[in-house]
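# Results of the structural survey
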Amino acid sequence: DGLGVDVDVCEDLDGDSDDELVIGGPALDYGSSYADIGMLAIHDRDVSGLDVDFDVSEIDLYGNSSDDYLGQAFEVVDDVDFDGDIEVAIGAYQNNANSTDDGTVYILDLDGYSGALTTSWLTDGAVYGDSSSGHYGYSLAVGDFDGDVINDLAGGAPGEQSGAGRVYVTFWSDDFGWDAIDN
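So, here's what we can say about the structure.

Here we take up the sheet that holds strand β4 (residues 59–62). Taken in spatial order, the five strands make up an open sheet running β1-β2-β3-β4-β8, and their pairing is mixed. Looking at the sheet topology across the chains shown, the edges are occupied by β1 (7–10) and β8 (115–118). Ignoring which end each strand starts from, the neighbouring axes of this sheet average 20 degrees apart. The pairing of strand β2 (residues 20–25) with strand β3 (residues 39–44) spans six bridges and is antiparallel. When the bridges of β3 are listed, Gly24 appears paired with Leu40.

Grouped together as the largest cluster of nonpolar side chains are 19 residues, with contacts concentrated most on Leu13, Val22, Leu61, Ile90, Leu108 and Leu110. Of all the secondary structure elements, the ones that give two or more residues to this core are β3, β4, β5 (70–78), β6 (87–92) and β7 (104–109). Counting residues in hydrophobic clusters, the runner-up holds 14 residues, among them Val105, Tyr136, Leu140 and Tyr168.

Looking now at the side chain of Asp102. Position of Asp102 among the secondary structure elements: in the loop between β6 and β7. For the buried residue Asp102, which engages in no salt bridge, the nearest side chain bearing the opposite charge is Arg166, 12 Å off. Setting aside residues no more than four positions away along its own chain, Asp102 makes contact with Tyr93, Asn95, Asn96, Ala97, Gly129, Ser131, Ser133, Gly134, His135 and Tyr136.

One non-glycine residue, Asp67, lies in the positive phi region at around 65 degrees. Mapped onto the fold, Asp67 is located in the loop between β4 and β5. For Asp67, a relative accessible area of 34% gives the class partly exposed. Of note in this structure, Ser162 is not a glycine but carries a positive phi near 55 degrees.

What follows covers the packing of aromatic side chains. This structure, assessed with the given rule, holds three aromatic pairs. When the ring of Tyr69 is compared with that of Tyr93, the centres are 5.3 Å apart and the planes differ by 35 degrees; the resulting orientation is tilted. With Tyr69 in the loop between β4 and β5 and Tyr93 in the loop between β6 and β7, this residue pair connects regions lying 24 residues apart in the sequence. Here the two residues Tyr69 and Tyr93 agree in accessibility, since each one is buried. Pairing Tyr136 with Tyr168 gives two aromatic rings, centres 6.0 Å apart and planes at 85 degrees, and the pair type is edge-to-face. In this pair, Tyr136 is assigned in the loop between β9 (123–128) and β10 (139–143) and Tyr168 in strand β12 (residues 166–172), connecting sequence segments 32 residues apart.

Turning to the pattern of salt bridges, a few remarks are in order. Scanning the model with the defined rule gives one salt bridge in all. Across the pair Glu160 and Arg166 runs a salt bridge, and its minimum N-O distance is 3.2 Å. Its relative accessible area of 1% is what places Glu160 among the buried residues.

Most of β5 sits inside the fold, with seven of its nine residues counted as buried. Sheet topology note: the β5/β6 ladder contains five bridges and is antiparallel. Residue Glu75 lies in a different strand from β6, and its bridge partner there is Ala89.

About the criteria used
- Residues numbered from 1 in each chain as written.
- Predicted model: local features only at pLDDT ≥ 70, side-chain atom pairs only at ≥ 80, totals over all residues.
- Heavy atoms only, no water.
- Pairing = 2+ DSSP bridges.
- Helix = DSSP H or I, 4+ residues; strand = E, 2+ residues; numbered from the N terminus.
- Axes fitted to C-alpha atoms, helices over the stretch in contact; angles between N-to-C directions.
- Core = buried A, V, L, I, M, F, W, Y, C linked by side-chain atoms within 4.5 Å.
- Buried < 20%, exposed > 50% of the residue type's maximum accessible area, 1.4 Å probe, protein only.
- Lys, Arg positive; Asp, Glu negative; His and termini not counted.
- Salt bridge = Lys/Arg side-chain N within 4 Å of Asp/Glu carboxyl O.
- Contact = heavy atoms within 4.5 Å.
- Phe/Tyr/Trp six-rings, centres within 6.5 Å; stacked < 30°, edge-to-face > 60°.

Okay, here's the thing in structure tokens:
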């Protein structure tokens, strides 16, 4: 299932005042109908013991369709829409948003949510891959790349340019708009 391919501890995402342990499982199946849909499991940081199980998550966030591979990469991007809640960027590198396996990065506000959810219920926004088999969202990084004190998002697309790869930087402005540039 790929449990633990990306792991992070971050500040509260779901509004319960507890820090979170966030675990990606991109090859997780959901029942017998959705193979490799992928999942992001969010646990309170105070989880005791070393055996973290998907069955005890506060939030189980699933991809939208088979072979999405949601959770390969994720990053906390701070409050990019200025609503007071922290957003998280989650890659689904084989999502077929515009073409086969072009990939999608979902921007989600998880405040107040719990239980099993899909990205289609929560998405504040999304950044889409540019080409078939590009696998945008395979890797992610967050930082202030343009010096405006607002975190921006870099997303890897290792399948673009016939496998040579490409990295896109998405700059957020104070109106939550995206300008993706090819680096």
